[in-house]
Amino acid sequence: MGRSLLGIEDLDRTEIERILDRAVAFQPHGGPSFAKVNTCTGMMVVNAFFENSTRTRSSFEIAAHRLGAETLSITAAGSSVAKGESLVDTLNTLSAMRPSVIVMRHQASGAPHFLARHLSTPIINAGDGTHEHPTQALLDARTILDRLGRLEGLRVVIIGDILHSRVARSNVFLLTKFGAHVVLCGPPTLLPREMAQIAPGVELEYDMRRAVRDANVIMMLRVQLERIHEPPMQAGEYFRFYGLRQEHVDLAHPDVIVMHPGPMNRGREISSEVADSQRSMILNQVENGVPVRMAVLERTLLW
Amino acid sequence: MVKKLLIRNGRVICPASGIDRTADVLIEDGRIAAVGEDLGAPGAETLDAAGLVVAPGFIDIHVHLREPGFTHAETIATGSRAAAAGGFTTICCMPNTNPVNDSATVTTYIVEKARREAVVNVFPIGAITKGSEGEELAAIGSMVAAGAVAISDDGRPVMNARVMRRAMETARVLDIPVIQHCEDLNLSAGGDMHECADSVRLGLRGIPAAAEDVMVARDILLAELTGARYHVAHISTKNAVAMVAFARQRGLPVTCEATPHHIALDTGHMRPYDSNFKMKPPLRGPEHVEAVIDGIIRGAVDCLATDHAPHAGDDKMQEFERCPFGIIGLETALGVALEVLVHTGRISLNRLVALFTSEPARVMGFRGDKARGALRPGYPGDVTIFHPEYPWTYDVKNSLSKSANTPFNGRTFRGGPIVTIVGGEIVWKAPGF
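Residues numbered from 1 in each chain as written. Chains lettered and ligands numbered in written order. Predicted model: local features only at pLDDT ≥ 70, side-chain atom pairs only at ≥ 80, totals over all residues.

Draft legend 1. Layout of the sheet that holds strand β9 (residues 151-152) of chain B. Residues and elements named next belong to chain B. The parallel open sheet is built from five strands, whose spatial order is β9-β10-β13-β14-β15. The sheet is open, and its two edges are formed by β9 and β15 (303-304), each paired on a single side. Pairing geometry for strand β13 (residues 230-232) and strand β14 (residues 254-258), over three bridges, is parallel. Paired with Val232 across the strands is Cys256, a residue of β14. (Pairing = 2+ DSSP bridges. Helix = DSSP H or I, 4+ residues; strand = E, 2+ residues; numbered from the N terminus.)

This is the structure we're talking about:
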């Protein structure tokens, strides 16, 4: 019986370290592609994506293939959920086909947690609503470690639509477990004060210039218009106060790295100049998605 | 031949009559005949209540029976049996059925159906507005003539202040309470739990306490304007309790009820994404729970009411944000109230009985043939017999409700109902009694 991965909040430091260490073995290390290890031959990974995704879904598929597992992907548009079947019935149906693991993304916070109570198949959360996106936080941590060599003591600034961001929550849980100082920054309508209470060592800052000062890592987030019922502020106003530009990078630590989980909106939350600069780790993050998800799948299937 | 039931040697608690002593209660022909020591009643069926509390029949002024329209979740018959199992002899059912109880036709249907199928007294509450849509007043006078005892759009608030004003003016003349589900929908904005650090952490949209507070504030001003009897359903915030207390200090006829779950559970008790903890108003933070309990102790909160809200299993087996709001509560109300209020020494057993009997009767203004909530000669022979101490465990599989959505499954309580008597008939007995 494999172990589910529902969120970072439930993981301890040792487990996270083990995943991040294992991921190193799968990285290309100058080679043409990721390691192909076939440790999971004969196993079946079902990707059930009830919400659109390009990078996470393809990343999980590639990861499964590099481990030698078979994959089956279903999306909401083609699934029986679109025909009115309940989520629990759909997942029970998939589960009856005996997959080794179900990787799921869903627009409702807690959907995988709810299903995990009713399903025997282990579940990997590939993003639930505005709650958690654990594999994103793991690949972000791997990327920071690759470049800066540590998490402890770093000043990590996460900027943007914090309220609706599962990436922000998972990163807060992970980074604070390792002693990073996390600064959250965004417009007050998208950064509730309660956010400071979700983990120890979290600071809120509504002024972007103050937030980025001496930052080791700047992590930008997209404004999730699809989850917002009223626009928080006009687009031009947003970029003026919370869009990342070179002037902000200049205020940060000289070795600062800039990250973005994607999809990225140039000119809305980040300038092209910064996105395409040497500081930008955006493509490294995407690349690290595969080895980290290989390690996560192995954890569920083998460990 | 007059049918007689003699309840012997119980601790008779009737707050309305100032009785709290060991005595007998005699019911004749469906009505209370006498309360006293060593009552002789030749030919009476007798019930030995030694060691038990004998109280007026409990009244729950906030129940959802789901009939007509949602009978897969509950019916008048099953809901009334669950009520009896909880010690309730009179329940008031909210109008959010399908069709909504916004006309004399639906009111009459419920009254007649209850007469045939219910084992306890069922008094319907009519809608404030047509379809409970908040815009046009329902046929309030006709519903009252057909048996409605109050008006409410419960499940939804009356958002439009002018409509609420007109409803209050109408209710004042009919001398019925206006019961409000206090939730400013613009502030609650589709939220699923109390807005707090936990809602932010779990990525769930929050319902701020202010969503309740602003509507209580508005309505108290409207109650002052109109002179109507105004009742806050399921009060859950510290500011709302404070405002009700303030209104009463100013002599306004404003009342409120609290549910057992809002005094027993706070956000910290929620199992993440478990819809058995999802209701409106949501479970609040500990400071609000303490304020509601304090309101009960100080008398700002008038009575307890369950907001028994059955939902069928498949409706509750969904993603948290898709699940409907509400939990069942009739069978656990007394156990929870004893645990939170009496066993902790916060209130006396006498006061607890009042919260379930004379107080809800006062809030609703029951009089004439509806007068109840006391063991007075001539009053309906409705009696609740309970044990204040015996341990029992709630197993929702044995529930008489059609639904099982409760956060209290598996919980062990100290004290609960033993016998429920309606109109002199024993309608429920605890297993093994």
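Draft legend 2. The arrangement of the packing of helix α2 (residues 55-66) of chain A against helix α11 (residues 282-301) of chain A in detail. All names here are of chain A. Closest axis-to-axis distance for the α2/α11 pair is 8 Å, and the angle between their directions is 55 degrees. As judged from the angle between their axes, α2 and α11 are oblique. Relative to α11, the crossing made by α2 is right-handed. Taking contact as the criterion, the partners of Arg55, Ser59, Phe60, Ile62, Ala63, Ala64 and Arg66 in α2 are, on α11, Val286, Gly289, Val290, Arg293, Met294 and Leu297. Grouping the constituent residues of the contact of α2 with α11 by class yields eight nonpolar, two polar and three charged. (Axes fitted to C-alpha atoms, helices over the stretch in contact; angles between N-to-C directions. Parallel < 35°, antiparallel > 145°, perpendicular 65-115°, else oblique. Left-handed = near helix turned anticlockwise from the far one by under 90°. Contact = placed C-beta atoms within 7 Å. Nonpolar A, V, L, I, M, F, W, Y, C, P; charged D, E, K, R; others polar.)

Draft legend 3. Expanded view of the pairing of strand β6 (residues 58-63) of chain B. All names here are of chain B. For β6, the buried fraction is high: six of the six residues fall into the buried class. The pairing of β6 with strand β7 (residues 88-93) spans four bridges and is parallel. Note on β7: the bridge partner recorded for Asp60 is Ile91. Regarding the hand of the β-α-β motif, the stretch spanning β6, helix α1 (residues 76-85) and β7 is right-handed. (Buried ≥ 20, exposed ≤ 12 C-beta atoms within 10 Å, placed from the backbone. Right-handed = clockwise from strand over helix to strand, strands pointing away.)

Draft legend 4. Representation of helix α8 (residues 238-249) of chain B. All names here are of chain B. The end-to-end C-alpha separation of α8 is 17 Å, in line with the 16 Å expected for twelve residues at 1.5 Å each. If you check which residues of α8 are buried, you get Lys238, Ala240, Val241, Met243, Val244 and Ala247. Those residues of α8 hidden inside the fold are in contact with α7 (209-226), β13, β14 and α10 (286-298). Positive backbone phi, approximately 85 degrees, marks Gly251, located one or two places after α8. (Expected span 1.5 Å × (residues − 1).)

Draft legend 5. Fine view of unusual backbone geometry. The amide bond that connects Gly262 of chain A to the next residue, Pro263 of chain A, takes the cis arrangement and shows omega of -10 degrees. With respect to the secondary-structure elements, Pro263 of chain A resides in the loop between β9 (257-259) and α10 (272-275). With an omega of 0 degrees, the peptide bond between Asn98 of chain B and Pro99 of chain B qualifies as cis. Following the sequence through the fold, Pro99 of chain B ends up in the loop between β7 and α2 (104-117). Despite not being glycine, Ser132 of chain B shows a phi value in the positive range, around 50 degrees. Checked against the element boundaries, Ser132 of chain B lands in the loop between β8 (121-124) and α3 (140-146). In this structure, Tyr273 of chain B takes a positive phi of about 60 degrees despite not being glycine. You can see Tyr273 of chain B is positioned in the loop between α9 (260-264) and α10.

Draft legend 6. Quick look at the pairing of strand β4 (residues 123-128) of chain A. Residue and element names in this part refer to chain A. With respect to burial, β4 is a largely interior element, six of its six residues being buried. Inspection of the sheet shows strand β3 (residues 101-106) paired to β4 by four bridges, in the parallel sense. Across the sheet, His106 pairs through a bridge with Asp128, a residue of β4. Regarding the hand of the β-α-β motif, the stretch spanning β3, helix α4 (residues 111-116) and β4 is right-handed.

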